[in-house]
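What follows is each chain in one-letter form.
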Amino acid sequence: MSDQGPELPNFQPEAFPGAILAGAQSRLIPYGIPLRFFVAASMFQIVAWGLLTYGHADVSAFFGGYGVVLAALHALTLGVLAMTAMGASYQLLSVATGVVLKSLLLCRLSSWLYIPGTGLLVSAMFIGNTPVMLLGGVLAVAGLALFGVTVGTVFWQSKSLQATVRHGWVALISMTLLVVAGLSLIVDFNTGFLGVGLLPEHAKLALSHGLLGGYGFMGILVMGFSYVLVPMFVLSPTPNPKLAGVSLGVNLAGLILAIGGVLSGNTAAMIVAAVLGLIGAGIYLHLLLKALRTGMKRRLGLSFVMVRASWGLLIASIVIGGLAAIVPLDFNLLHLFGFILIFGWLLTFLTGILQRILPFLATMHAHKIGRPAPRMSEMGHQNITLKLHALCHGAALVLVSLGILLELDVLVLLGGGFGVVGAVAFLWFALGVSETVMTLYGKEEQSK
Amino acid sequence: MRHMVKRWRDNDVVHLDLRGLAPPEPMIKVLSEIDGGADYPIIVHLERDPIFLYQELEERGWSGRLMNEEQNNASGEAVVMIELKPDVTR
Ligand code: HEM
């Protein structure tokens, strides 16, 4: 199989008449690799909202343990968020840093382990089968480990993008701690070994694991990638790496304090952590809003409406998290916190960025094979799909949040329904864009 | 690492040496030159093939072509010829 194009049978891009850039664009990995992650993420998004809708009556009552809510949560965190991050990292990190990925086999292998592993884990969380949960967890973690090795190598070799690389390391360390905690929680379902001696209690470890996943692994990764992707999309100078480093340091201090506070039951530590989180996020937003102001591109479209909204939700998640540390049970603040963090900030940001990355990748592949690319704005029936997605996503966030706050399950049901419709629209978009690329490669095949 | 932009003219062609700039600065410099009213061919010297640039050029009616594909990896320099498309006038 060639390493230059999508994984189509007998594909030999070197032979294409228009393949001026084939050799030099070795940093453009086969389309099939990022695509499988993006399509899987788009499908898991439907699953996540679907499960939330199905389990609408359990959302406000969720206090840990397996079942439909845990399954919905992980369909989203592992199925959508980490899945998107993996596909995007494999393609964009090497393009941005100039470091060529050493082994595409590792990327493929990670997808073969991670995608079915996540499916298995989510299914087992839903039905409450601990051995299958462990099997799915181990497969998914193996996929994440290969991802860690691959992007860790790029970070190690990269001579540029210091801010992103530093964020990347912190994200990878958080990922390692997160999966150790995740696997321990599964084992604890059957053995009850947690809480004995110096080991943390199950519920405290679960919350720490959630913080490590939301802010540590995904949050820090998203922030690090923002420093490359946002300037690239808006055509602005790179944000000040020193300030980005300060933001990272403050965020990290906040995260450590928050986890320390959860594990020791120290409310003051959690509140200080939220303040630090606000300062760290404030610096991050200051840098990126400046990039938007100074960028050469003015019309940024729906994608950046989503990105801006996600930034508001980032701040909201930290404020709600701080309040939840003081009065967790009032207005279901702890639940609202988890929802705004995962479905709000992270999902809104990633779908906003992904709707930009997908057409972008398509044009890069078109250029590679010397084919005229369709206009980015015309790919994937955006006029319908992305608008529908944005509207439904917004409605879903508002309705589910209100449903949690007011303990009105019917609002969660309604919001979840909107989420499903939005997610279907997003999948329609993702498939539409990939069809464009496949058609381009198909035409090349025929013209040989 | 150098951070100076070198610009010189060789007959009708303007050269921009943007090596040493962190991405996406090289791209911004090229697009600023074009948006500033250039109608002449430009040869850009970069550290690597500017994959993201081509779409932006396309949108502005320009074309870009990597000239030293074979040597690219060995020399650590990518030389890209940028021209206004024949059917586009300024
Ligand atoms: C991006 C990755 C992940 C994120 C963001 C994430 C997030 C979360 C969150 C927010 C919770 C709820 C915490 C609470 O009840 O207070 C949770 C619980 C849990 N997670 Fe994850 N998770 C991730 C990955 C994983 C992985 C890889 C595994 C297993 C291998 C895992 C296993 C679990 C288990 C077993 C629980 C149940 C805790 C309980 O009994 O309540 N998670 N996770």
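The structure presented is a predicted model; accordingly, all values stated were derived computationally and were not measured.

K.L.:
Just checking my understanding: could you explain the overall build of chain B for this structure?
P.N.:
Helix and strand counts for chain B stand at three helices and five strands. Its helices and strands in sequence order give chain B the pattern β-β-α-β-α-β-α-β, from N to C terminus. Per-residue burial over chain B gives 52% buried out of 90 residues. A separation of at least 24 residues holds for 53% of the contacts in chain B among residues at least 6 apart in sequence. Accessible surface, chain B as shown: approximately 4,600 Å² in total, 48% of it carbon and sulfur.

K.L.:
Would you explain the overall build of chain A in this entry?
P.N.:
Regarding its fold elements, chain A presents 12 helices and zero strands. The linear arrangement of helices and strands in chain A, starting from the amino end, is α-α-α-α-α-α-α-α-α-α-α-α. Against the globule reference of 22 Å for 448 residues, chain A gives a C-alpha radius of gyration of 21 Å, in line with a compact fold. Projected onto its principal axes, the C-alpha positions of chain A cover 65 × 45 × 40 Å.

K.L.:
It is not clear to me how the environment of Gly254 of chain A should be interpreted in this structure. Could you clarify?
P.N.:
Residue and element names in this part refer to chain A. Residue position: Gly254 is located in helix 7 (residues 241-264). For Gly254, a relative accessible area of 6% gives the class buried. Linking Gly254 and Phe418, residues 164 residues apart in sequence, is a C-alpha distance of 34 Å.

K.L.:
How should I be thinking about unusual backbone geometry in this particular structure?
P.N.:
In terms of backbone geometry, most residues other than glycine have negative phi values and most peptide bonds are trans. A positive phi angle, close to 50°, is found at His381 of chain A, a residue other than glycine. When you line up the elements, His381 of chain A lands in the loop between helix 10 (333-368) and helix 11 (382-406).

K.L.:
Looking at this model, I keep getting lost on the packing of helix 6 (residues 202-234) of chain A against helix 8 (residues 267-294) of chain A. Mind explaining?
P.N.:
Any two packed helices are characterised by the angle at which their axes cross and by the distance between the axes. All names here are of chain A. For the pair helix 6 and helix 8, interaxial distance at closest approach is 9 Å and the crossing angle is 10°. In terms of orientation, helix 6 and helix 8 fall into the roughly parallel class. Residue-level contacts link Val222, Met223, Ser226, Tyr227, Val230 and Val234 of helix 6 to Tyr284, Leu287, Leu288, Ala291 and Leu292 of helix 8. Residues belonging to the contact of helix 6 with helix 8 are distributed by class as follows: 10 nonpolar, one polar and no charged.

K.L.:
What is the right way to read the pairing of strand 5 (residues 78-84) of chain B from this model?
P.N.:
The two faces of a sheet get side chains in turn, since along a regular strand they alternate between them. Residues and elements named next belong to chain B. Burial within strand 5 is extensive, with six of its seven residues counted as buried. Pairing analysis gives five bridges linking strand 3 (residues 42-46) to strand 5, with the strands arranged antiparallel. Bridging from a neighbouring strand, Val44 pairs with Val80 of strand 5.

K.L.:
Sorry, what's going on with the sheet that holds strand 3 of chain B here?
P.N.:
In sheet architecture, strand pairing relies on hydrogen bonds along the backbone and comes in two forms, parallel and antiparallel. Residue and element names in this part refer to chain B. An order of 1-2-3-5-4 is seen for the five strands of this open sheet, with the pairing classed as mixed. Bordering the open sheet on either side are strand 1 (6-10) and strand 4 (62-66), each of which pairs with just one other strand. In this sheet, adjacent strand axes meet at a mean angle of 20° when their direction is disregarded. In the packing of helix 1 (residues 25-35) onto the sheet, the strands contacted are strand 1, strand 2 (13-17), strand 3, strand 4 and strand 5, and the crossing angle to strand 3 comes to about 170°.

K.L.:
Would you mind going over helix 3 (residues 104-127) of chain A with me for this structure?
P.N.:
Note on helix geometry: an α-helix contains 3.6 residues per turn, so any two residues three or four positions apart are oriented the same way. Residue and element names in this part refer to chain A. Helix length check: helix 3, at 24 residues, gives a terminal C-alpha distance of 35 Å against a target of 34 Å (1.5 Å per residue), a fit within 8%. Where helix 3 is concerned, the buried positions are Leu104, Cys107, Arg108, Ser110, Ser111, Tyr114, Gly117, Thr118, Leu121, Val122, Ala124 and Met125. Taken together, the buried residues of helix 3 touch helix 1 (32-54), helix 2 (68-97), helix 4 (130-157) and helix 5 (162-191). The backbone nitrogen of Leu105 has a side-chain oxygen 3.2 Å away, supplied by the residue at the start of helix 3, namely Ser103. Count one or two residues on from helix 3 and you reach Gly128, which has phi positive near 80°.

K.L.:
Would you take a moment to explain the site of the ligand for this structure?
P.N.:
Residues and elements named next belong to chain A. Around the ligand, a shell composed of 26 residues is seen, among which Gly64, Gly65, His74, His202 and His209 lie nearest. Residue Gly65 places a main-chain N or O atom 2.8 Å away from an oxygen atom belonging to the ligand. In the environment of the ligand, an oxygen atom lies 2.5 Å from a nitrogen or oxygen atom belonging to the side chain of His202. With nine residues, helix 6 is the single largest residue contributor to the shell around the ligand.

K.L.:
When you look at the confidence of the model for chain B in this model, what are you seeing that I'm missing?
P.N.:
Low-pLDDT portions of the prediction should not be read for the details of their coordinates. The share of residues in chain B with pLDDT of 70 or more is 84%, and the mean pLDDT across the chain is 82. Predicted complex, confidence summary: ipTM 0.73, pTM 0.89.

K.L.:
What is the right way to read the packing of helix 1 of chain A against helix 2 of chain A from this model?
P.N.:
All names here are of chain A. Packing of helix 1 against helix 2 leaves a shortest axis separation of 8 Å and a crossing angle of 160°. Taken together, the axes of helix 1 and helix 2 lie roughly antiparallel to each other. The element helix 1 and its partner helix 2 pack so that their crossing is left-handed. By residue class, the composition of the contact of helix 1 with helix 2 is 22 nonpolar, five polar and no charged.

K.L.:
Looking at this structure, I do not really get a nonpolar patch on the surface. What am I missing?
P.N.:
Residue and element names in this part refer to chain A. The grouping of Ile271, Val275, Leu278, Ile279, Val319, Leu323, Ile326 and Val327 at the surface amounts to a nonpolar patch, some 600 Å² of accessible area in total. For the nonpolar patch, the secondary-structure elements that each account for two or more residues are helix 8 and helix 9 (301-326). The dominant element in the nonpolar patch, judged by the number of residues it contributes, is helix 8, at four residues. Secondary-structure assignment places Ile279 in helix 8. Classification of Ile279 as partly exposed rests on a relative accessible area of 44%.

K.L.:
Help me out: how do you make sense of the nonpolar core in this one?
P.N.:
A general tendency of soluble globular proteins is for nonpolar side chains to be buried together. Counting 172 residues, the largest nonpolar core has Trp49, Phe217, Tyr284, Trp345 and Ile357 of chain A together with Ile82 of chain B as its most contacted members. The dominant element in this core, judged by the number of residues it contributes, is helix 10 of chain A, at 22 residues. Setting aside residues up to four positions removed in sequence, Trp345 of chain A forms contacts with Gly214, Tyr215, Gly219, Val222, Met223, Ser310, Leu313, Leu314 and Ile340 of chain A.

Rules and cut-offs
- Residues numbered from 1 in each chain as written.
- Chains lettered and ligands numbered in written order.
- Predicted model: local features only at pLDDT ≥ 70, side-chain atom pairs only at ≥ 80, totals over all residues.
- Heavy atoms only, no water.
- Helix = DSSP H or I, 4+ residues; strand = E, 2+ residues; numbered from the N terminus.
- Buried < 20%, exposed > 50% of the residue type's maximum accessible area, 1.4 Å probe, protein only.
- Contact = heavy atoms within 4.5 Å.
- Areas by Shrake-Rupley, 256 points an atom, 1.4 Å probe, with all protein chains shown as cover.
- Rg over C-alpha atoms; globule rule 2.2 N^0.38 Å.
- Axes fitted to C-alpha atoms, helices over the stretch in contact; angles between N-to-C directions.
- Parallel < 35°, antiparallel > 145°, perpendicular 65-115°, else oblique.
- Nonpolar A, V, L, I, M, F, W, Y, C, P; charged D, E, K, R; others polar.
- Pairing = 2+ DSSP bridges.
- Expected span 1.5 Å × (residues − 1).
- Polar contact = N/O pair within 3.5 Å; in protein donor to acceptor, adjacent residues only side chain to side chain.
- Near = heavy atom within 4 Å.
- pLDDT = per-residue confidence, 0-100.
- Left-handed = near helix turned anticlockwise from the far one by under 90°.
- Patch = residues over 30% accessible without salt bridge, like charges linked within 9 Å, V, L, I, M, F, W, Y side chains within 5 Å.
- Salt bridge = Lys/Arg side-chain N within 4 Å of Asp/Glu carboxyl O.
- Core = buried A, V, L, I, M, F, W, Y, C linked by side-chain atoms within 4.5 Å.

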